[in-house]
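Each chain, letter by letter, is given below.
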Amino acid sequence: MATRDPRWVLKDRPSFALITGLVLTGICALVSFSFDVFVNGAPVQFFIALMLALAPVPLLLALVLALDRLEPEPRSNLIFAFAWGAGVAVLVAGVINSLNLHYIIDTAKLSEASARNIAATFGAPVVEETMKGLVLLGLLRFRRAELDGPTDGVIYASMVGLGFAMSENVSYYIAALSTSGVKGLAVTVVLRGILSPLAHPLFSSMIGVGVAYAARRGGSDRVPYVLAGWSGAMILHGLWNGLASYGGFPGLVVAYLALLVVLVVLVGVVFRDRRRIVALIQRYLPPYEPTKLVTEADIYMLSAFARRRQARQWARAHGGKRGLRAMRDYQLAATELGLLHERAARHMVDEHTFHEEQRALLECMSTARADFPVPSPHARSVARGSPPPGYAPGAPG
């Protein structure tokens, strides 16, 4: 009887719900862009604004995904988070923000400029962070196992924030071009696209960290972490908008310093989380040494980014693409095995699921090891369990 490919546990198969969600976000993005084309500006202005908004996205995505190398998240989840920010979140937030602005103008009898400052400082942060945060709540509810730590929360939040910022920038660039010409557009591009491209990802990362910590707990114990993250995102967003609206140039300086502090703190959180995952590998993988699927040299190799990269380079040099794929599969499966044990220790998976995924991960590791290249001069030492030169320099044995 045929069995499942053991790599199912590593594969990223899009579900019907995901496909439906992507269609919905795509429709919302088209509607939002339609407003930009037909209401806010001419088609030529729209395409200029769109190109300028898209330009920094590849670099920003690369920066975010650079954090996701130890235990990469499913691509479909990342794509959906970005699409939600660029489509649903921007469209709904734009409509609500516009209604809030008109309500403030009609009720308080303020000028449009004053009403915009009030809406930006007190209304927009609540609306926008709520719309972006819904993706993270969805992950907590339906894909809790994907939130293995604060790094995952930061990555998903950054993806939705980048999508939101990209679509929002289109509207800002069109408005600047329409009202102030090329000079105004240039200033807006510098302020939003160059000096503060990570603002929305940083705001949303507050929610991401809170949701990630909530995922490690059960029941009502999750609520304070989610609320703390949500409040942090709205306060930071409101502080940024308020300082930009009322503080002039000194306010902008303070706002940028606040974002810099948050960025440094988040980088510290990510590095601390990496050490935690390495500690899981060092704690849970040694008991598997009798299976011959894990050796002391393997654990040494898996415990640092530089040594992982060295092992992949070695595998490609001696085994080509097949060897490289085998090494990548092995590293990912071994890391997932450590995280699986942690989820089991926290009662995040039942016993049946644990044993099913454990068996699949071990099969992945076995299949990958079988495809490891073995240079003929070192075949005997490898058979005795010694790592070949270049596999894990400095490893014991």
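Residues numbered from 1 in each chain as written. Predicted model: local features only at pLDDT ≥ 70, side-chain atom pairs only at ≥ 80, totals over all residues. Heavy atoms only, no water.

Turning to the overall build of the protein chain, a few remarks are in order. Each helix and strand in the protein chain was counted, giving 13 helices and zero strands. Reading the helices (α) and strands (β) of the protein chain from amino to carboxyl end gives α-α-α-α-α-α-α-α-α-α-α-α-α. Principal-axis analysis of the C-alpha atoms gives the protein chain an extent of 85 × 45 × 45 Å. Of all 397 residues assigned to the protein chain, the portion counted as buried reaches 47%. (Helix = DSSP H or I, 4+ residues; strand = E, 2+ residues; numbered from the N terminus. Buried < 20%, exposed > 50% of the residue type's maximum accessible area, 1.4 Å probe, protein only.)

With that settled, the discussion passes to the packing of helix 4 (residues 75-108) against helix 5 (residues 112-142). For the pair helix 4 and helix 5, interaxial distance at closest approach is 8 Å and the crossing angle is 150°. Considering the angle they form, helix 4 stands roughly antiparallel to helix 5. Between helix 4 and helix 5 lies a crossing whose hand is right-handed. Its residues assigned to classes, the contact of helix 4 with helix 5 shows 19 nonpolar, four polar and four charged. (Axes fitted to C-alpha atoms, helices over the stretch in contact; angles between N-to-C directions. Parallel < 35°, antiparallel > 145°, perpendicular 65-115°, else oblique. Left-handed = near helix turned anticlockwise from the far one by under 90°. Nonpolar A, V, L, I, M, F, W, Y, C, P; charged D, E, K, R; others polar.)

Moving on, we get to the domain arrangement of the protein chain. Partitioning the protein chain into structural domains gives domain 1 (17-266) and domain 2 (292-370). For domain 1 and domain 2, the distance between their C-alpha centres works out to 35 Å. If you look at the interface, domain 1 gives nine residues, while domain 2 gives 11 residues. When domain 1 packs against domain 2, close to 1000 Å² is buried across both sides, 55% of that on carbon and sulfur atoms. At the junction of domain 1 with domain 2, the criterion picks out two salt bridges. For Arg-343, the salt bridge goes to Asp-148, with nearest N and O atoms at 2.6 Å. Of the residues contributing to the side of domain 1 that touches domain 2, the split by class is four nonpolar, no polar and five charged. (Domains from an automatic or database assignment. Contact = heavy atoms within 4.5 Å. Buried area = accessible area lost by both parts, 1.4 Å probe. Salt bridge = Lys/Arg side-chain N within 4 Å of Asp/Glu carboxyl O.)

Right, let's talk about the confidence of the model for the protein chain for a bit. Residues at a pLDDT of 70 or more form 93% of the protein chain, whose mean pLDDT is 88. Averaged pLDDT values for the elements of the protein chain fall to 69 in helix 13 (residues 379-383) and rise to 95 in helix 7 (residues 199-215). (pLDDT = per-residue confidence, 0-100.)

We now examine the pattern of salt bridges. Evaluated as defined, the whole model comprises 12 salt bridges. Where Glu-112 meets Arg-116, a salt bridge forms, and the shortest distance between an N and an O atom there is 2.9 Å. One end of the pair, Glu-112, and the other, Arg-116, are both in helix 5, four residues apart, so they sit about a helical turn from each other. When its relative accessible area of 44% is taken as the criterion, Glu-112 is described as partly exposed. Across the pair Arg-276 and Asp-273 runs a salt bridge whose closest N-O atoms are separated by 2.7 Å.

This next bit is on the UniProt feature "transmembrane region" (unreviewed entry) in the protein chain. What UniProt calls "transmembrane region" (unreviewed entry) maps, in this numbering, to residues 16-38, 44-66, 78-99, 119-142, 154-174, 194-213, 225-243 and 249-271. For residues 78-99, the end-to-end C-alpha separation is 31 Å, with 100% helix and 0% strand making up the annotated structure. (UniProt positions renumbered as here; feature names shortened; annotations may be inferred.)

The next point concerns unusual backbone geometry. Despite not being glycine, Lys-109 shows a phi value in the positive range, around 55°. Counting through the fold element by element, Lys-109 comes out in the loop between helix 4 and helix 5. With a phi close to 60°, His-347 is a non-glycine residue in the positive phi region. Examined against the element boundaries, His-347 turns out to sit in the loop between helix 11 (305-345) and helix 12 (351-370). We classify His-347 as exposed; its relative accessible area is 69%.

In this section: the packing of aromatic side chains. Counting across every chain of the model gives eight aromatic pairs. Geometrically, the ring pair formed by Phe-80 and Trp-84 is tilted, given 6.1 Å between the ring centres and 45° between the ring planes. One end of the pair, Phe-80, and the other, Trp-84, are both in helix 4, four residues apart, so they sit about a helical turn from each other. Put simply, the rings of Trp-314, Tyr-330, Phe-372 and Tyr-391 touch in pairs and so form one group of aromatic residues. Arg-192 extends its terminal NZ or CZ atom over the ring of Tyr-172, reaching a point 3.9 Å from the ring centre. The residue whose ring lies beneath Arg-307 is Tyr-300, and the NZ or CZ to ring-centre distance is 3.9 Å. (Phe/Tyr/Trp six-rings, centres within 6.5 Å; stacked < 30°, edge-to-face > 60°. Lys NZ or Arg CZ within 6 Å of the ring centre and 35° of its normal.)

If you check helix 5, its first and last C-alpha atoms are 42 Å apart, about what 31 residues at 1.5 Å a residue would give, namely 45 Å. The largest bend along helix 5 measures about 50° and falls at Gly-123, with the proline Pro-125 one to four residues further on. (Expected span 1.5 Å × (residues − 1). Bend = angle between axes of the 7 residues up to and from the residue.)

Before going further, it helps to spend a moment on the environment of Arg-222. The topology assignment puts Arg-222 in the loop between helix 7 and helix 8 (223-246). For Arg-222 and Pro-287, which are 65 residues apart along the polypeptide, the C-alpha to C-alpha distance reads 32 Å. Sequence-distant contacts of Arg-222, defined by excluding residues within four places in its chain, comprise Leu-140, Arg-144, Ala-214 and Arg-217.

What follows deals with the side chain of Gln-331. Position of Gln-331 among the secondary structure elements: in helix 11. Gln-331 sits in the buried class, given a relative accessible area of 3%. Within polar-contact distance, the side chain of Gln-331 engages the backbone oxygen of Arg-308 at 3.1 Å. Among the polar contacts made by the side chain of Gln-331, one reaches the side chain of Arg-312 at a distance of 2.9 Å. Not counting the four nearest positions on each side in its chain, Gln-331 is found in contact with Met-301, Leu-302, Arg-308, Ala-311 and Arg-312. (Polar contact = N/O pair within 3.5 Å; in protein donor to acceptor, adjacent residues only side chain to side chain.)

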